Amino acid sequence: MSGPAYMPSDEELANLQKLSNEYQPEVTGPLVGERQSSSAITTEYANADPVYRVKTAALPSKYAYFRTCRGDGHCGWRAIAFTYYEALLRVGDVGLFQQEQARLKSMHNLLNAANFPEHVYIDFVDEAFELLDKLQNSVRLMDGTGADTLLQAFNDMSVAMAIITYFKLLASAWIQAYPDEFVPYMEYNQDIKTYCSLNIEAAQCEIDHIGIAALAEAIIKPAGFALEVLYLDRSPGEEINTYRYDPSGHDGNPQTLRLLYRPGHYDILYKAEDVQQPLPVPSQAPLQVALAGYTDEFVPMASNMPDVMTLIPGMYPTGIGQRWPSVSYDYNSTPAPQPQMTPVPTYAPAPTPASSVASSHQEYVTPVHASHVNHHNPPTHHSIQLEPPVTLPIHPPPPMTIERAPQMTVERGGPFRPSMYELEPGFHSGQPHALPFQTSIFRNSHYNTAHFLNPDFQPEEWSPDAEYATGNRGRHKSTSQ
Amino acid sequence: MALTSGHNAPNGSRGQTVAQRLQKELMDLMTKPTAGITAFPDDENMTRWTATIEGPADTPYANLTFKLAMRFGSTYPYEAPSVVFKTPIYHPNVDFSGRICLDILKDKWSALVGIEGLLVSLQSLLGEPNNSSPLNGQAAELWDNDMEAFKRHVLARHKTSEELDLDA
């Protein structure tokens, strides 16, 4: 490590160690930040050590986004807890929420076996479950508020600390229930209870590799998620070292929680395809940036396909009561054949059509808007608004489609996908829309493509009678067809 | 960013507040009292408490009662409260200002410990001092080598609650 030329004395070392132990980094920023482009990391390291520079240069191409966690000594725990909730939200399946709640409840046995007093830990459990309930409701209503709710909860110190404490207790209980898996990574002859009380349960302790492994086994893998930790350090090589925990028996592409580790600190990373649905961005956020990011994502449909698979209910490796009947956790599970190819018929696939309508809506609308908003004078984009509920394209408009879903009557058989406009009230009644369809360039000209968004749009028709009356130009057209 | 404003306060409006947790602990202490331990808040805002522990039998502290002052910060229970002995005590891990050296008050503190757990730990510290890292070196030495002298020092330093009130 350090050169042989200079050896600090024991006293100096002790002093340095003391300073290091007492060092408290200045902690600022939100507990969990907004998702942002990971090119910020590259920029941050642009002037740093070459090893970092090389390693971070390739980061944005693989991991498009990241999210900061406040470095207050809880960031690793916080990052894992946050991404666990976020992955549940991303899957967007009420059934998975219920499955996870049942599974986590069954793990009270484990907490009790570790002698944690229930009347004390139940407070932390309640906070964690309350957030699960809120997110589950948001998924059920498809109101698009889940991401905001999650971010707010994790920026509320008391909520976040309760959830972090709950995760710590689960990790500790898991380690104590399966000591053989973890003892080899501890110091020789270390008492496991002492280890847990000092390194896992202690209110002020950052997560270590044992804690991460315990959370992966106790919480993440059984939920069907994978956990990936990218170690950005000064080790040789051009690539960031990655360690991955994969759920057993989960083929294909599990939802992956990704952490970026920099010595002493954890943040959250995302691949572009992780970010399936645009987060509801606060309306003050810069529009152009968000638009550019999201339109990019909608073009390569192929990359979204694996995620679509995970949306299918019943496609999870663990079922309630299948692996979690009581306290019997088959931790070393040689993966039992998973029922992946047999969708559970009891799950109502009701939300799926609605969501496909919502996403097709985005795919359809966003490019039109993007071109106008980006290339014309900003003030005029107000005048190309569609129906009143569809304010800005970056807000996915599930409220609109969902609330009206019950009234939806598509009186048409056949193989055609219903148009989003059929979901609008008054579509069939032919109500005239008073909104002006004009832009600064085309005004209200019939060449203005904004008219295509008008549900009452009628393309110009060739009318033979009129043609015959005025001349014979029409005859050429008709013969050429 | 809009996020940072209003979230710096450790007690958000949504989650359980420090006062709620302390209220719950007070209820537990009153409904399920632990022998030899009392604790009660000094005022309505619950951030300062006064506690007492009785010296365990078969220790030099038997039949003596010790008063402690506890202060709870806005981050409780995720950080330990500060605790000092108000009753003068002669003990290897307590200094002459009443400050205590105990792992559970430092790196071993967990959100599960609570007031009762803390007081039970302090009570057992009386009978089982950690003489490897003493705050009071003389006490540590006498504990190991001359228990009779140790007991005399304990009794000489102790004051009853009434004596404390007279001093105040």
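The structure presented is a predicted model; accordingly, all values stated were derived computationally and were not measured. (Residues numbered from 1 in each chain as written. Chains lettered and ligands numbered in written order. Predicted model: local features only at pLDDT ≥ 70, side-chain atom pairs only at ≥ 80, totals over all residues. Heavy atoms only, no water.)

Teacher, can you tell me more about the overall build of chain A here?
Each helix and strand counted, chain A has 19 helices and six strands in total. Within chain A, buried positions represent 46% of all 481 residues. Surface accessibility of chain A: about 24,500 Å² in total, with carbon and sulfur atoms responsible for 57%. (Helix = DSSP H or I, 4+ residues; strand = E, 2+ residues; numbered from the N terminus. Buried < 20%, exposed > 50% of the residue type's maximum accessible area, 1.4 Å probe, protein only. Areas by Shrake-Rupley, 256 points an atom, 1.4 Å probe, with all protein chains shown as cover.)

What exactly am I supposed to notice about the sheet that holds strand β2 (residues 65–67) of chain A here?
Two pairing modes exist for strands in a sheet, parallel and antiparallel, and in both the strands are linked by backbone hydrogen bonds. Residue and element names in this part refer to chain A. Taken in spatial order, the six strands line up as β1-β2-β6-β5-β3-β4 in an open sheet, and their pairing is mixed. Of all strands in the sheet, those with a lone pairing partner are β1 (36–37) and β4 (241–245), marking the two edges. One ladder, built from five bridges, connects strand β5 (residues 256–262) with strand β6 (residues 265–270); its direction is antiparallel. When the bridges of β6 are listed, R262 appears paired with H265. Sheet strands in contact with helix α5 (residues 75–91) are β2, β3 (226–231), β5 and β6, and its direction is about 20 degrees off that of β6. (Pairing = 2+ DSSP bridges. Contact = heavy atoms within 4.5 Å. Axes fitted to C-alpha atoms, helices over the stretch in contact; angles between N-to-C directions.)

Could you clarify how one ought to interpret the sheet that holds strand β1 (residues 37–41) of chain B in this entry?
Residues and elements named next belong to chain B. Strand order in this open sheet of four strands is β1-β2-β3-β4, and the pairing throughout is antiparallel. The open sheet has two edge strands with one neighbour each: β1 and β4 (82–85). Each neighbouring strand pair of the sheet contributes to a mean axis angle of 20 degrees, computed without reference to strand direction. Inspection of the sheet shows strand β2 (residues 48–54) paired to strand β3 (residues 65–71) by seven bridges, in the antiparallel sense. When the sheet's bridge partners are listed, T50 is paired in β3 with A69. Helix-sheet contacts for helix α1 (residues 18–31) involve β1 and β2, and the interaxial angle to β1 is about 145 degrees.

Looking at this structure, how should I read the packing of α5(A) against helix α6 (residues 94–106) of chain A?
Helix packing geometry: the angle between the two helix axes and the distance between the axes. Residue and element names in this part refer to chain A. Where α5 contacts α6, the two axes come as close as 10 Å, and the packing angle between them is 145 degrees. Across from Y84, L88, L89 and V91 in α5, the residues of α6 making contact are L96, F97, E100, R103 and L104. Residue composition of the contact of α5 with α6, grouped by class: seven nonpolar, no polar and two charged. (Nonpolar A, V, L, I, M, F, W, Y, C, P; charged D, E, K, R; others polar.)

Whenever I open this one, the environment of A:R258 confuses me. Can you help?
All names here are of chain A. Residue placement: R258 occurs in strand β5. R258 sits 12 residues away from Y270 along the chain, and the two C-alpha atoms are 6.4 Å apart. Here E228 takes part through its side chain, which lies 3.1 Å from a polar atom of the side chain of R258. Engagement of the side chain of R258 in a polar contact is seen with the side chain of D274, the distance being 2.7 Å. (Polar contact = N/O pair within 3.5 Å; in protein donor to acceptor, adjacent residues only side chain to side chain.)

What exactly am I supposed to notice about the UniProt feature "active site" (unreviewed entry) in chain B here?
Residues annotated in UniProt with the feature "active site" (unreviewed entry) correspond here to B:C101. Apart from residues no more than four positions distant in its own chain, B:C101 is found in contact with B:N93, B:K106, B:L125, B:S133 and B:L135. (UniProt positions renumbered as here; feature names shortened; annotations may be inferred.)

What should I look at first to understand helix α10 (residues 157–177) of chain A in this one?
For an α-helix, the turn length of 3.6 residues means that residues three or four places apart are oriented alike. With 21 residues, α10(A) extends 30 Å from end C-alpha to end C-alpha; this agrees with the ideal 30 Å at 1.5 Å per step. For α10(A), the tally of buried residues reaches 19 of 21 residues, placing the bulk of the element in the interior. (Expected span 1.5 Å × (residues − 1).)

How should I be thinking about the packing of aromatic side chains in this particular structure?
In this description, an aromatic ring pair is defined by two values, namely the gap between the centres and the angle between the planes. Residues and elements named next belong to chain A. One pass over the full model with this rule turns up 21 aromatic pairs over all chains. One aromatic cluster is present, built from ring pairs that chain together F82, Y84, Y85, F129, F154, Y166, F167 and F225. Sitting over the face of the ring of Y65, R35 holds its NZ or CZ atom 5.5 Å from the ring centroid. Above the face of the Y270 ring, R35 is positioned so that its terminal group lies 5.5 Å from the ring centre. (Phe/Tyr/Trp six-rings, centres within 6.5 Å; stacked < 30°, edge-to-face > 60°. Lys NZ or Arg CZ within 6 Å of the ring centre and 35° of its normal.)

Where do I start with helix α12 (residues 192–199) of chain A in this structure?
Here α12(A) has its buried residues at A:I192, A:Y195, A:C196 and A:S197. Looking at the buried positions of α12(A), the neighbouring elements they touch are α10, α11 (179–182) and α13 (209–220) of chain A.

Please clarify how unusual backbone geometry should be interpreted in this entry.
Most peptide bonds adopt trans geometry, and most residues besides glycine take a negative phi value. All names here are of chain B. The omega angle of the peptide bond from Y76 to P77 is 5 degrees, so this bond is cis rather than trans. Not every positive phi belongs to a glycine, and N63 is a case in point at roughly 70 degrees. Tracing the chain through its elements places N63 in the loop between β2 and β3. The class of N63 is exposed, set by a relative accessible area of 80%.

Would you mind going over the pattern of salt bridges with me for this structure?
Between side chains of opposite charge, a pair can form as their charged atoms come close. Scanning all chains against the criterion turns up 19 salt bridges over all chains. Linking A:R103 and A:E100 is a salt bridge whose minimum nitrogen-to-oxygen distance equals 2.7 Å. Note that A:R103 and A:E100 are positioned in helix α6 at a spacing of three residues, about one turn of the helix. On the basis of relative accessibility, which here comes to 2%, the residue A:R103 falls in the buried class. Across the salt bridge formed by B:R99 and B:D95, the nearest N and O atoms sit 2.9 Å from each other. Through salt bridges that share partners, A:E228, A:R244, A:D246, A:R258 and A:D274 make up one connected network. (Salt bridge = Lys/Arg side-chain N within 4 Å of Asp/Glu carboxyl O.)

Help me out: how do you make sense of the nonpolar core in this one?
Side chains of a nonpolar character, in soluble globular proteins, are inclined to be buried together. Within the largest apolar cluster, 86 residues are counted, with the highest numbers of intra-cluster contacts made by A:Y84, A:Y85, A:F124, A:F154, A:Y166, A:F225 and A:L227. Per-element tally for this core: the top contributor is α10(A), with 15 residues. Apart from the residues lying within four places of it in its own chain, the contact partners of A:Y166 are A:L104, A:H108, A:L111, A:F124, A:V125, A:A128 and A:F129. Grouped together as the second largest cluster of nonpolar side chains are 41 residues, B:V18, B:L26, B:L29 and B:M46 included. (Core = buried A, V, L, I, M, F, W, Y, C linked by side-chain atoms within 4.5 Å.)

Where do I start with the pairing of β1(B) in this structure?
Successive side chains on a regular strand alternate, one facing one side of the sheet and the next facing the other. Residues and elements named next belong to chain B. Alternating positions in β1 separate cleanly, I37, A39 and P41 being buried on one face and T38 and F40 remaining unburied on the opposite face. One ladder, built from five bridges, connects β1 with β2; its direction is antiparallel. Pairing of I37 across the sheet is with I53, part of β2. Joining the antiparallel neighbours β1 and β2 is a turn of six residues, in which M46 adopts a positive phi near 70 degrees.

So what exactly am I meant to see when it comes to a nonpolar patch on the surface here?
Residues and elements named next belong to chain A. Together, L13, L16 and L19 make up an exposed nonpolar region whose accessible area comes to about 290 Å². Within the secondary structure layout, L13 lies in helix α1 (residues 10–22). Among the residues examined, L13 registers a relative accessible area of 42% and is labelled partly exposed. (Patch = residues over 30% accessible without salt bridge, like charges linked within 9 Å, V, L, I, M, F, W, Y side chains within 5 Å.)

Just to check I follow, could you spell out the confidence of the model for chain B for this structure?
Caution applies to low-pLDDT regions: their predicted coordinates should not be interpreted in detail. The predicted model of chain B has a mean per-residue pLDDT of 87, with 89% of residues at 70 or higher. A low-confidence stretch, residues 1–14 of chain B (pLDDT under 50), is modelled with 28 contacts involving residues beyond four sequence positions or located in other chains. (pLDDT = per-residue confidence, 0-100.)

How should the packing of α1(B) against helix α2 (residues 114–127) of chain B be read in this particular structure?
All names here are of chain B. For the pair α1 and α2, the least separation of the axes is 8 Å and the interaxial angle reads 60 degrees. When the axes of α1 and α2 are compared, the pair comes out oblique. Across the interface between the two elements, R21, L22, E25 and L29 from α1 touch G114, I115 and E116 from α2. Class assignment for the residues of the contact of α1 with α2 results in three nonpolar, one polar and three charged. (Parallel < 35°, antiparallel > 145°, perpendicular 65-115°, else oblique.)

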